[in-house]
Amino acid sequence: MTVALFVPCYIDQFYPHVAIATLQVLEKAGVKVVYPPKQTCCGQPMANSGYAHLTKGCNELFIENFTGFDYIVSPSGSCTLHIKEHLHDAENEKEAEYIRNHVYELTEFLTDILQIEQWDAAFPHKVGIHHGCHGLRGLKVAQMSELVAEPFSKPGKLLNMVKGLEIVALSRTDECCGFGGTFCVAEEAVSVKMGQDRVNDHLSHGAEYIVGGDISCLMHMEGILRRQNSKVRVKHIAEILNGH
Amino acid sequence: MNRENNDHATLAGRFNENEQRVSWHDETLWWVRAKRDKAAHTLPEWEQLRAAASQIKSNVLSNLSEYLVQFEGRALQNGVAVHWAADAKEHNQIVADLLTARGVDRIVKSKSMLTEECHLNEYLQSRGIEVVDTDLGERIVQLAGEPPSHIVLPCIHKKKEEIGELFHQHLGTPAGNADPQLLTRAARKDLREKFLTRRAAITGVNFAVAESGEFVVCTNEGNADMGAHLADLHIACMGIEKIIPQRKHLSVFLRLLARSATGQPITTYSSHYKKPRKGKEIHIVLVDNGRSVQLGRADFRNSLKCIRCGACMNTCPVYRRSGGHSYHTAIAGPIGSILAPNLDMHKYADLPFASTLCGSCTNVCPVKIDIHDQLYKWRQVLVREGHTTTVKKMAMQGMTFTLSNPRVYRFAGKAGRWLMNKMPYMVNNKWNTWYKQREMPEPPEQSFSEWYKKNRER
Amino acid sequence: MSSREKILGAIKRSQPPQCPLPGLDSFLQDNAHALQQYTEVLTSIGGTAHIVNGYTEIKEIVKQEYNDARCIVSLIPELPGVGTETAYHDPHDLAMADLAILPATIGVAENGAVWITEEILPQRVLPFITQHLAVVIKREHIVPTMHHAYEKIGNADYGFGVFIAGPSKTADIEQSLVLGAHGATSMRIFIL
């Protein structure tokens, strides 16, 4: 099985250690990982701003980079969802369709495709899980609090395999953090208030780390935590799974 | 966006100047969301009910003209008069003409979002007709000279102390008294006098049944019934999308409506009006006002399934922290943001962007409207139709150029990180909106692709 | 062209392809504990339930609970002597009603509602304008859900019908629940 590693642009530029952790976790799980070097971005920033018509170049590039692999895996629920829902190319629609059906966010890939039941990692800390909305309500990596349905959580399942790790319960299990792409600057006041409230939920329940599958949300909450001089840090789930 | 200083972001920014109040607003509405969750969880068949409701509404959209004609025929047989209004103006004129023809210059009105949408109150007042809103929340905002900020909880943005002061001025309650019980009693007394003396009543319509010609009005307070059953003339105003095929379908919607709205198992009163009282009149005004246009928009027609429960507002993390007035339209929140651009793209171009697309609205919607997907689609339409700013357009084009060219992207990334490292003041300054209340991420020495090249490609 | 034709024409041009109506039979689940659920739900929405053995018991409770009610409108023939026997030709005359006692033909366990139609009422406004409302229902008339209720209603030809669930209420002021907005301030159900 060969997996292409899709590293979203902001992870590539600002959080390379998350991409490295993702790469190493996948390798530990026994899959061959390739990083197509010419990748840039999934095009979501334009599309969510109403400029989906400008994403042609990104789409073509994505297909060029990610065709020919069994799976495409990314440490971002949001970017994965964008590809799954919006990757199209009239001239290469067959390839686009294959990619749409085989692109996975890291935790769902580990639990659904690799069916990981045990994992060797340790992280003796209290963590709060932050579910990015696109991973949660788009990819459905966990049950959504609004629905009358059986609870489950793919990131939660993986974190429960980590030695010493304790997941703290939150008052609002899956409220949005307020990042929202360009929303975070276009609606700065609301975005920040949402982020502060989300962070406070974790803090008031004693979390030492806020852990999630989407660095975009975590970057936003990290910015708020650091401005508050808080000792609490954010971590991508790949970093925890890659730790001993 | 196109409203300069009155767009959602600006109004929300103003709302956020008082953080404590925002937290209070957020908590109050979250509590309503929590009550909704609790009520939904009492029914194991909840998701099947939502699916059934959505499907009934799909059937309505497919057969709307036929159902409307059927409804009209039955209503006429029942002795109810039916009027058709193409837009808000015609609706308002029909209502005013009905009143003036009978010499009525004072009326009571129960909650109707349609009449808010049409700005009926202002119009009637301009024609010399006094309107008293009888829903407590609506009465409060009416006395305050404000529009409702929520379709189910019109004065949810007001603190009880403010309401106490308002009632002290208008209803003579004791100064400084903000006891909800006392204030409600004062309103009850004041409005009883209005109910007993007004000869005409306006109500909204929650559901209208095609097969029987009856319509259903739901309230908790009993104000619609107090108005309608004491008046000689009852005018019921409804959007054309309120039709449902058969009486038995009411069971599905009445099970969903109140549970979604407030967490109650049903509203206190679900009144089925079929025929007028002997010697009295019922008139129904069927209003289009853009709905037939929305029906023609394949991506957006499902918004017409809305039963106005307000659940999407209560769950919306943006609505809870920006307040209903920041949406500057009669119907605020997520559903309002997909309805309003249909009426006026220019005026409401900002609303579909007042969302993080988190999707919670879609999940609570009792008729399964794909609200957040429609917000995304409206964004595309608004940009395509030119309702965007030059600055944003240029930024997007620049971003597109960078992200479509791997080499430009790598160079820009490197240059950006270099700048952040060497000259942080170039980034961390007052022109950087992110930095106002958040730290920037710490730029690493090398990107992942650079690391990969060094460590793995050899 | 009239607005009617204009609207109907515009709708016809835009109607999406056919979508069939869903079946609702799967929602018609029996509930062996309907009576118990009814009283629990009614209590939770601010109403009061009495399971009684006969009209004498109702009469006693009425006497005890509404002892200072001056104007009682009773529509229960089995309760002679309770309430005045006046015909109300003008609904406004009912403004003085302190208590109305009505029979109901359907009770709904899932939400505590009762179904009342206008045939039994001297005026439609009665259950709303009265200060207090009491309803008499037979236990076998309590159905599990709204689906069952509408099945029972069928295509009955009423001029006006209403589901009433508990006393009138509002939470418009800071979400504080207050019983007695514009309609009855209390609701008592006698289950025979």
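Residues numbered from 1 in each chain as written. Chains lettered and ligands numbered in written order. Predicted model: local features only at pLDDT ≥ 70, side-chain atom pairs only at ≥ 80, totals over all residues. Heavy atoms only, no water.

Observations concerning the domain arrangement of chain A
Residues and elements named next belong to chain A.
- On domain assignment, one finds that chain A holds domain 1 (2-113) and domain 2 (126-241).
- Spacing between the C-alpha centres of domain 1 and domain 2 amounts to 22 Å.
- Every contact between the two is made by 25 residues of domain 1 and, on the other side, 21 residues of domain 2.
- Interface area for domain 1 against domain 2, summed over the two sides, is near 1,900 Å², with a carbon-plus-sulfur share of 68%.
- Inspection of the domain 1/domain 2 interface yields one salt bridge.
- Between Lys154 and Asp112 there is a salt bridge whose closest N-O contact spans 2.6 Å.
- Remark: the boundary between domain 1 and domain 2 carries nine residue pairs in polar contact (both at pLDDT 80 or more).
- Looking at which element gives the most residues to the side of domain 1 that touches domain 2, the answer is helix α7 (residues 106-113), with six residues.
- Considering only residue class, the side of domain 1 that touches domain 2 consists of 10 nonpolar, 11 polar and four charged. (Domains from an automatic or database assignment. Contact = heavy atoms within 4.5 Å. Buried area = accessible area lost by both parts, 1.4 Å probe. Salt bridge = Lys/Arg side-chain N within 4 Å of Asp/Glu carboxyl O. Polar contact = N/O pair within 3.5 Å; in protein donor to acceptor, adjacent residues only side chain to side chain. Helix = DSSP H or I, 4+ residues; strand = E, 2+ residues; numbered from the N terminus. Nonpolar A, V, L, I, M, F, W, Y, C, P; charged D, E, K, R; others polar.)

A word on the pattern of salt bridges
- Across all of its chains, the model carries 56 salt bridges over all chains by this definition.
- It is possible to trace a salt-bridge network through shared partners that takes in Arg172, Glu175, Lys193 and Asp197 of chain A together with Glu19, Asp26, Glu27, Arg320 and Arg321 of chain B.

So, the arrangement of the chains
- In this assembly, two pairs of chains are in contact, and the pair with the greatest number of contacts comprises chains B and C.
- Looking at chain A next to chain C, you find no contact at all, with the nearest C-alpha pair sitting 16 Å apart.

Notes on the interface of chain C and chain B
- Between chain C and chain B, the residue contacts involve 69 residues of the former and 95 residues of the latter.
- Taken together, the two surfaces of chain C and chain B that pack against each other cover about 6,700 Å², and 59% of this comes from carbon and sulfur.
- At the junction of chain C and chain B, the tally comes to six salt bridges.
- For the interface between chain C and chain B, the tally reads 49 residue pairs in polar contact (both at pLDDT 80 or more).
- For the side of chain C that touches chain B, the secondary-structure elements that each account for two or more residues are α1 (3-14), β5 (113-117), α4 (126-129), α5 (146-153), β8 (160-164), β9 (169-170) and β10 (178-179) of chain C.
- In terms of residue count, α1 of chain C provides more of the side of chain C that touches chain B than any other element does, nine residues in total.
- Residue classes in the side of chain C that touches chain B are distributed as 37 nonpolar, 23 polar and nine charged.
- In this structure, strand β9 (residues 269-273) of chain B lies alongside β8 of chain C, joined through five bridges in antiparallel fashion. (Pairing = 2+ DSSP bridges.)

Thoughts on the sheet that holds strand β4 (residues 200-203) of chain B
Residue and element names in this part refer to chain B.
- Strand order in the open sheet formed by six strands is β1-β10-β7-β4-β2-β3, and the pairing between neighbours is parallel. In the strand order of this sheet, the two ends are held by β1 (81-85) and β3 (130-133), each with one partner. Averaged over all pairs of adjacent strands, the angle between strand axes in this sheet comes to 25°, irrespective of strand direction.
- The pairing of strand β2 (residues 106-109) with β4 spans three bridges and is classified as parallel. Each residue of the ladder has a partner; that of Ile107, found in β4, is Ala200. (Axes fitted to C-alpha atoms, helices over the stretch in contact; angles between N-to-C directions.)

Observations concerning the packing of helix α11 (residues 188-204) of chain A against helix α12 (residues 215-227) of chain A
Residue and element names in this part refer to chain A.
- Contact geometry for α11 and α12: axes closest at 9 Å, N-to-C directions at 80°. Regarding the angle of α11 to α12, the classification is roughly perpendicular. Across the interface between the two elements, Ser191, Val192, Gly195, Gln196, Arg198, Val199 and Leu203 from α11 touch His220, Met221, Ile224 and Leu225 from α12.
- The class makeup of the residues in the contact of α11 with α12 is six nonpolar, four polar and one charged. (Parallel < 35°, antiparallel > 145°, perpendicular 65-115°, else oblique.)

So, the interface of chain B and chain A
- In this assembly, 78 residues from chain B lie in contact with 71 residues from chain A.
- In this assembly, chain B packs against chain A so that about 6,300 Å² is buried in total across both faces, 58% of it on carbon and sulfur atoms.
- Sorting the residues of chain B by area buried against chain A places Gln437, Arg438 and Phe448 of chain B first, and these three jointly supply 12% of that buried surface.
- Here chain B is connected to chain A by 12 salt bridges.
- One salt bridge connects Asp12 of chain A with Arg410 of chain B, and the closest N-O pair in it is separated by 3.6 Å.
- Inspection of the chain B/chain A interface yields 38 residue pairs in polar contact (both at pLDDT 80 or more).
- When residues of the side of chain B that touches chain A are assigned to their parent elements, the largest contribution, 11 residues, is made by helix α2 (residues 19-41) of chain B.
- Of the residues assigned to the side of chain B that touches chain A, the class counts are 32 nonpolar, 24 polar and 22 charged.

Things to note about unusual backbone geometry
Residue and element names in this part refer to chain B.
- Here Asn289, not a glycine, exhibits a phi torsion of approximately 45°, which is positive.
- With respect to the helices and strands, the residue Asn289 is situated in the loop between β10 (281-287) and α13 (291-296).
- Phi at Lys368 is positive, roughly 55°, even though this residue is not glycine.
- By relative accessible area, which is 40% here, Lys368 ends up partly exposed. (Buried < 20%, exposed > 50% of the residue type's maximum accessible area, 1.4 Å probe, protein only.)

A word on the packing of aromatic side chains
- One pass over the full model with this rule turns up 22 aromatic pairs over all chains.
- When the centroid spacing of 4.9 Å and the interplanar angle of 65° are considered together, the rings of Phe123 of chain A and Tyr209 of chain A count as edge-to-face. Within this pair, whereas Phe123 of chain A is found in the loop between α7 and β5 (126-130), its partner Tyr209 of chain A is found in strand β7 (residues 209-212), the two being separated by 86 residues in sequence.
- On the basis of relative accessibility, which here comes to 10%, the residue Phe123 of chain A falls in the buried class.
- Where Phe215 of chain B meets Tyr273 of chain B, the ring centres are 5.3 Å apart and the plane angle is 10°; that geometry is what we call stacked. Here Tyr273 of chain B lies in strand β9 and Phe215 of chain B lies in strand β6 (residues 215-219), a separation of 58 residues in the sequence.
- Classification of Tyr273 of chain B as buried rests on a relative accessible area of 1%.
- Of the aromatic side chains, those joined through ring pairs into one cluster are Phe215, Tyr269 and Tyr273 of chain B together with Phe128 and Phe160 of chain C.
- We note Arg227 of chain A situated over the ring of Tyr435 of chain B; from NZ or CZ to the ring centre the distance is 4.7 Å.
- Cation over ring: Arg438 of chain B sits above Trp434 of chain B, and NZ or CZ is 4.3 Å from the ring centre. (Phe/Tyr/Trp six-rings, centres within 6.5 Å; stacked < 30°, edge-to-face > 60°. Lys NZ or Arg CZ within 6 Å of the ring centre and 35° of its normal.)

A short note on helix α21 (residues 448-455) of chain B
- Among all positions in α21 of chain B, only Phe448, Ser449, Trp451 and Tyr452 of chain B are buried. For α21 of chain B, the angular spread of the buried residues around the axis is 160°, confining them to a single face.
- On the buried face of α21 of chain B, the contacting elements are β1 (2-5), α1 (9-14), α2 (16-28) and β2 (32-34) of chain A together with α20 (406-422) of chain B. (Arc of directions from axis to C-beta.)

Considering the pairing of β8 of chain C
Residues and elements named next belong to chain C.
- Along β8, five of the five residues are buried, which leaves the element largely enclosed by surrounding structure.
- Two elements, β5 and β8, share four bridges in a ladder whose sense is antiparallel. Within the sheet, the bridge partner assigned to Val114 lies in β8 and is Ile164.

As for the nonpolar core
- Residues Leu26 of chain A, Phe207 and Phe448 of chain B together with Val114 of chain C are the most contacted members of the largest nonpolar core, which totals 239 residues.
- Contact partners of Phe448 of chain B, with chain neighbours within four places excluded, come to Leu5, Val7, Asp12, Pro16, Ala19, Ile20, Leu23 and Tyr35 of chain A.
- Counting residues in hydrophobic clusters, the runner-up holds 22 residues, among them Val95, Leu98, Ile129 and Leu233 of chain B. (Core = buried A, V, L, I, M, F, W, Y, C linked by side-chain atoms within 4.5 Å.)

Re the environment of Ile243 of chain B
Residue and element names in this part refer to chain B.
- Inspection of the secondary structure assignment puts Ile243 in strand β8 (residues 243-244).
- Sequence separation between Ile243 and Asn59 is 184 residues, and the spatial gap between their C-alpha atoms is 11 Å.
- Not counting residues up to four positions away in its chain, the partners in contact with Ile243 are Lys57, Val60, Leu64, Tyr67, Leu68, Phe71, Ala208, Ala210 and Met238.

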